[in-house]
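Coordinate analysis (summary)
Chain by chain, the residues:
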Amino acid sequence: MMIKKWNERYQEVGFAYGAGPNLFFERWLKTAIPGQILMPADGEGRNGVYAAKQGWQVTSCDLSQAGRTKALQLAQDRKVSIN
């Protein structure tokens, strides 16, 4: 049931929550030294991709295959890699 909900949400054109990072996450990340980071429920990847741009090794996951597809495309567009 939840997988269907999020796949439908992320299949829409554009990004459900924008392509930029969550403001809280962006501020928090600036206080930490880059290393490895796990991004559970990363949806379309906006936070994971942002972390990768900041030099983090990112492992991102989400229930939604549609979200995963968008996350990988966003990473490619921003010239970073996420797992």
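Before reading on, note that the structure itself is shown above.
Residues numbered from 1 in each chain as written. Predicted model: local features only at pLDDT ≥ 70, side-chain atom pairs only at ≥ 80, totals over all residues. Heavy atoms only, no water.

1. Re the overall build of the chain
Quick reminder of the rule: Helix and strand assignments come from DSSP, with helices taken as H or I runs of at least 4 residues and strands as E runs of at least 2, each series counted from the N terminus. Only C-alpha atoms enter the radius of gyration; for comparison, a globular chain is expected to reach 2.2 Å times N to the power 0.38, where N is the number of residues. For each residue, the accessible area found with a 1.4 Å probe, counting protein chains only, is set against the maximum for its type, and the residue is called buried under 20%, exposed over 50%, and partly exposed in between.
The helix and strand inventory of the chain stands at four helices and two strands. In sequence order, the chain lays out its α and β elements as α-α-β-α-β-α. Its C-alpha atoms give the chain a radius of gyration of 12 Å, within 12% of the compact-globule value 12 Å for 83 residues. Taking the principal axes of the C-alpha coordinates as reference, the chain spans close to 35 × 20 × 20 Å. Across the 83 residues that make up the chain, the buried fraction comes to 35%.

2. Some words on the environment of Gln-11
Structurally, Gln-11 can be placed in the loop between α1 (2–10) and α2 (23–29). You can call Gln-11 exposed: its relative accessible area is 58%.

3. Focus: the packing of aromatic side chains
Aromatic ring pairs: the centre-centre distance and the angle between the two ring planes describe each pair. Note the following rule: To pair, rings of Phe, Tyr and Trp, with the six-membered ring standing in for Trp, must have centres within 6.5 Å; the planes then decide the type, stacked if under 30 degrees apart, edge-to-face if over 60, and tilted in the middle. Throughout this description, the term charge over a ring refers to an Arg CZ or Lys NZ atom that lies within 6 Å of the ring centre and within 35 degrees of the ring normal.
Applying the stated criterion across every chain yields a total of two aromatic pairs. Directly above the aromatic system of Phe-15 lies the positively charged group of Lys-70, at a separation of 5.6 Å from the ring centroid.

4. Regarding the pairing of strand β1 (residues 36–39)
To be explicit about the condition: Pairing between strands is defined by DSSP: at least two bridges between them are needed. Whether a crossover is right-handed comes down to one check: with the strands pointing away from the viewer, does the path from the first strand over the helix to the second run clockwise; if it does, it is right-handed.
The alternating pattern of β1 places Ile-37 and Met-39 on a buried face, while none of Gln-36 and Leu-38, on the opposite face, is buried. Relative to strand β2 (residues 57–60), β1 runs parallel, the two sharing four bridges. Of the residues in β2, the one forming a bridge with Gln-36 is Gln-57. A crossover links β1 with its parallel partner β2, the connecting element being helix α3 (residues 46–53), and its sense is right-handed.

5. Some details on a nonpolar patch on the surface
Convention followed: To count toward a patch, a residue needs a relative accessible area over 30% and no salt bridge; like charges are then connected within 9 Å, while nonpolar side chains (Val, Leu, Ile, Met, Phe, Trp, Tyr) are connected within 5 Å. Per-residue accessibility takes into account occlusion by the displayed protein chains alone, with areas from the Shrake-Rupley method and a 1.4 Å probe. Counted as salt bridges are all cases of a side-chain nitrogen of Lys or Arg within 4 Å of a carboxyl oxygen of Asp or Glu.
A cluster of nonpolar side chains, namely Met-2, Ile-3 and Leu-63, defines an oily patch on the protein surface of about 290 Å² accessible area. Taking the relative accessible area as the measure of exposure, Met-2 reaches 43% and is therefore partly exposed.

6. As for the environment of Phe-15
If you trace the backbone, Phe-15 turns up in the loop between α1 and α2. You can call Phe-15 partly exposed: its relative accessible area is 31%. Each C-alpha atom, one on Phe-15 and one on Gly-45, is 9.6 Å from the other, the two residues being 30 residues apart in sequence.

7. Overview of the side chain of Lys-70
Condition: Contact definition: two residues touch when any of their heavy atoms are within 4.5 Å.
Among the structural elements, Lys-70 can be located in helix α4 (residues 65–77). Ignoring any residue separated from it by four or fewer positions in sequence, one finds Lys-70 in contact with Tyr-10, Glu-12, Val-13, Gly-14, Phe-15 and Glu-44.

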